[in-house]
Amino acid sequence: MNPLLEQFLSESREALQGIGEKLMQLEKDPGSTLLMTELFRIVHTLKGNSGLFDFPELTRVLHAGEDLMDAVRDGKVDFSLQLADLLLDAMDFVGMLCDEIEREGSYGPAYGPDSARLSEMLRQMIGGSDEGAAECSAEQGAEKEGVTLLDLPQEMRDAALGAAASGAALHLITYTPVEECFFQGDDPFYQARQTPGIIFGKIAARKEWPPLGELDAYSCQLDFHVLSSAPLEELREYYRYVSDQLHITPVRLLEERGAGSAEEGDDPLLQRERDAASVIMEVQKEILSLPDDVSYLAGRIRGAAASLQGCLRATGSVDALPGLAAAADAAVAELSAAPLQQWLDCHLTGAAAMVSAERAAAAPSAPAADVVPDGAPESEVKFGRRAEDNLTTARSIKVDQEKIDRLMNLIGEMVVAKNALPYLATRAEALFGVRELSREIKAQYAVINRIAEEMQDAIMQVRMMPVSFVFQRFPRLVRDISNKLGKKVNLVLEGEDTEADKNIIESLGDPLVHIVRNSLDHGIESPEVRTAAGKVATGTLTIRATQESDRVIIEIRDDGKGIDPEVIKRKAYEKGILDEEQLERVTDQEAVNLVFAPGFSTADAVSDLSGRGVGMDVVRTAIEKVNGTVHLESEKGRGTRIRISLPLSMAVTNVMIVESSGQIFGVPMDAVVETVRVPAGSIKTIKKSMATVLRGRIVPLKGLNALLGVPAEQKRNEEGEVAVLVVNVGDEAVGIIVDDFHETVDIILKPMTGILSGLCAYAGSALLGDGSVLMVLNLKEVV
């Protein structure tokens, strides 16, 4: 895929998203001229850009959409929900074509009927279908009727004679660009000059030129007349973007008639055709009179015979054909033009005088300039753009994501490399006793550390994207689903400028879609139910994004019916997720959290929106995959709130190093609550499980050696205390007993690969500054 096409697809995505947003806003404010103007501008720009590529189906739909927007903007058509639906369907079609272009580089011809149907539906909204059909019918009628060569101006007729001698079909093209064509990115002169098979062209003023002071240089007042020998289909394909400004008429050398009609000598049209045939025969006579001492004499004779044969058939003199064929055969056999010349003398009538009269009568009828069909310099190729367009300096550039990822990986390596300097300083002082060198290394480490942190922050900023990248899809989603369900929903988006790493933002898409669909399907009630419950008929769905420290918080709240814990418990019991004992023990909050259980659903029937019991399970899995957490709160009759917490970035992970049984392990700082030293006497055993009381709450304790299957007791310090690392696992705080704590470091966490990927106890590994490998614990699996 070439860079230009990639840029087009990228801009098309933004434009389609913008069109959807404007349509959503127009539904709320249909009288806004500003919104309609902006919408028209986006559609117009997208259509113009599509003209750079050979995607006629895509351009046709955009063109029809642009016309409809123009009609709405001018007040000819009222904006309505039906119109918005149709435009959204059209933009969905364009988006689908863009998807296929992105995958395959182009799209197949199967989209032609859909494109035509959508274009027709759009034009029907402005009442243009009948007009278009009439124009089409008129054009087809004109093509069927056609004109003869004698109807053409003399200079065009001469050029056509030579081309027609080879048997090519001729077409007269009348191209009438719209006056504002320059503002649509068209270049009619270039378009006409590049007509396939062009043999003659002329530009004519549409009306008398005004005084120079009143001339509007940006209004096209020219008509283009082109004679072409290209097939009709090729011409239609070439002019497919301006088909409504075109008139193609087939040109016949002579009117074909039967033998009987040749006797209608009083027909003025037939008389002119006979005169033209006489001209052609006279030309053949001149050709046959040339010297015979050439190697291609046989070809010359056959060519002249073919031309004479065509004249006889066109004028209905088919009886003379056998004599012509015999004379031609004799001439070829004798390698002499004399036999054919003698036959021609017998049939030729005074056509030479007609030729002179015709040429003398021909004269130009309007200010005109010949079109040179070829030989144009390469620099004049403008691809339909106006020469006066000024190129502006771009204020931003688009960079391939792979390049940013490479920079991110490099800065990650630099972070690891600079961590080696403190080890070097320690060795320099401890092993070699050069304290001064150790001090200088530490000083240089401080400088490099500052630069590395600034570089890391700068690259992180490049990767940061606003959550609006995800949020922008929801106005359309909420609108469509609420209409489908017959509900009224007011969507409120807040904090769209909140930024996070690109990978984090992209990972939000599917989970949020699942949550919003569930809120609309199960949460917010229908207007009748809400009114009966004393609520306003229109429900409110709020999606809010905020940043808290180094986390992004996404909150989805609705004021629907909420989740009934008793219904959840009953469903869980029916599905075998809970037994009778658990059913009695489970709290309301624990029951609500069962919606995240795989296969759990309260829906009685499966629909295209929900009911399969995979949505919320997928949500939790997708969020935990990027080190995020999800928390659900619901109150029956009041609504539901889902809070998603995600890291700002996944590129660099801050971990605490702990030691156990002579090995070091990493624990993500996101999960660490605190580190404490607990006297051994404060550890109690409850049902074979250890626990202690920290700040008035019971914290279960687990030894890291026991969790990893290491047959060793956890070490105590000289005061008989054990080191306890309190971490959050899900919604619970758990104390992990380790031998000792070490420092926290920034690492580049690499996932486990190969056979090691089966070790679910580890989230990954990292390389430390001294070259050792640090295994990072996966607390959810270990605890």
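Keep in mind that what you see is a predicted model, and the values were worked out from it rather than measured. (Residues numbered from 1 in each chain as written. Predicted model: local features only at pLDDT ≥ 70, side-chain atom pairs only at ≥ 80, totals over all residues. Heavy atoms only, no water.)

A.B. asks: Can you walk me through the sheet that holds strand S14 (residues 653-660) in this structure?
C.D. replies: Taken in spatial order, the five strands make up an open sheet running S22-S14-S15-S24-S23, and their pairing is mixed. Two strands lie at the open edges of the sheet, namely strand S22 (740-747) and strand S23 (762-767), each paired on one side alone. Neighbour-to-neighbour, the strand axes of the sheet open up by a mean angle of 35°, direction not taken into account. The pairing of S14 with strand S15 (residues 663-668) spans six bridges and is antiparallel. Each residue of the ladder has a partner; that of Ser660, found in S15, is Gln663. (Pairing = 2+ DSSP bridges. Helix = DSSP H or I, 4+ residues; strand = E, 2+ residues; numbered from the N terminus. Axes fitted to C-alpha atoms, helices over the stretch in contact; angles between N-to-C directions.)

A.B. asks: Just to check I follow, could you spell out helix H13 (residues 338-347) for this structure?
C.D. replies: The periodicity of an α-helix, 3.6 residues per turn, causes residues three or four positions apart to be oriented the same way. Every buried residue belonging to H13 is among Pro339, Leu340, Trp343 and Leu344, and all of these are buried. One side of H13 carries all its buried residues, which in axial view fall inside an arc of 135°. (Buried < 20%, exposed > 50% of the residue type's maximum accessible area, 1.4 Å probe, protein only. Arc of directions from axis to C-beta.)

A.B. asks: I keep staring at the pattern of salt bridges and nothing clicks. Help me out?
C.D. replies: Opposite charge on two side chains permits them to pair, given that their charged atoms come into close proximity. Following the criterion strictly, the structure yields 35 salt bridges and no others. Asp405 is the partner of Arg463 in a salt bridge, and the nearest nitrogen-oxygen pair spans 2.4 Å. With a gap of 58 residues between them, Arg463 in helix H17 (residues 435-463) and Asp405 in helix H15 (residues 401-418) connect regions that are remote in the sequence. Owing to a relative accessible area of 24%, Asp405 belongs among the partly exposed residues under this scheme. As a salt-bridge pair, Arg530 and Glu525 come within 2.9 Å of each other at their nearest N and O atoms. Neither Arg530 nor Glu525 differs from the other in exposure class; each is buried. (Salt bridge = Lys/Arg side-chain N within 4 Å of Asp/Glu carboxyl O.)

A.B. asks: I would appreciate a short explanation of the packing of H15 against H17 in the present structure.
C.D. replies: Between two packed helices, the angle of one axis relative to the other and the distance separating the axes together describe the packing. Direction vectors running N to C along H15 and H17 enclose 160°, while the axes themselves pass 10 Å from each other. Here H15 is positioned roughly antiparallel relative to H17, judged by the angle of their axes. Once H15 is placed against H17, the crossing between them reads as left-handed. Between H15 and H17, the contacting residues are Ile404, Asp405, Leu407, Met408, Ile411, Met414, Val415 and Lys418 on the first element and Tyr445, Ile448, Asn449, Ala452, Met455, Gln456, Ile459, Met460, Val462 and Arg463 on the second. (Parallel < 35°, antiparallel > 145°, perpendicular 65-115°, else oblique. Left-handed = near helix turned anticlockwise from the far one by under 90°. Contact = heavy atoms within 4.5 Å.)

Scope: geometric values only; no functional claims are made or implied.
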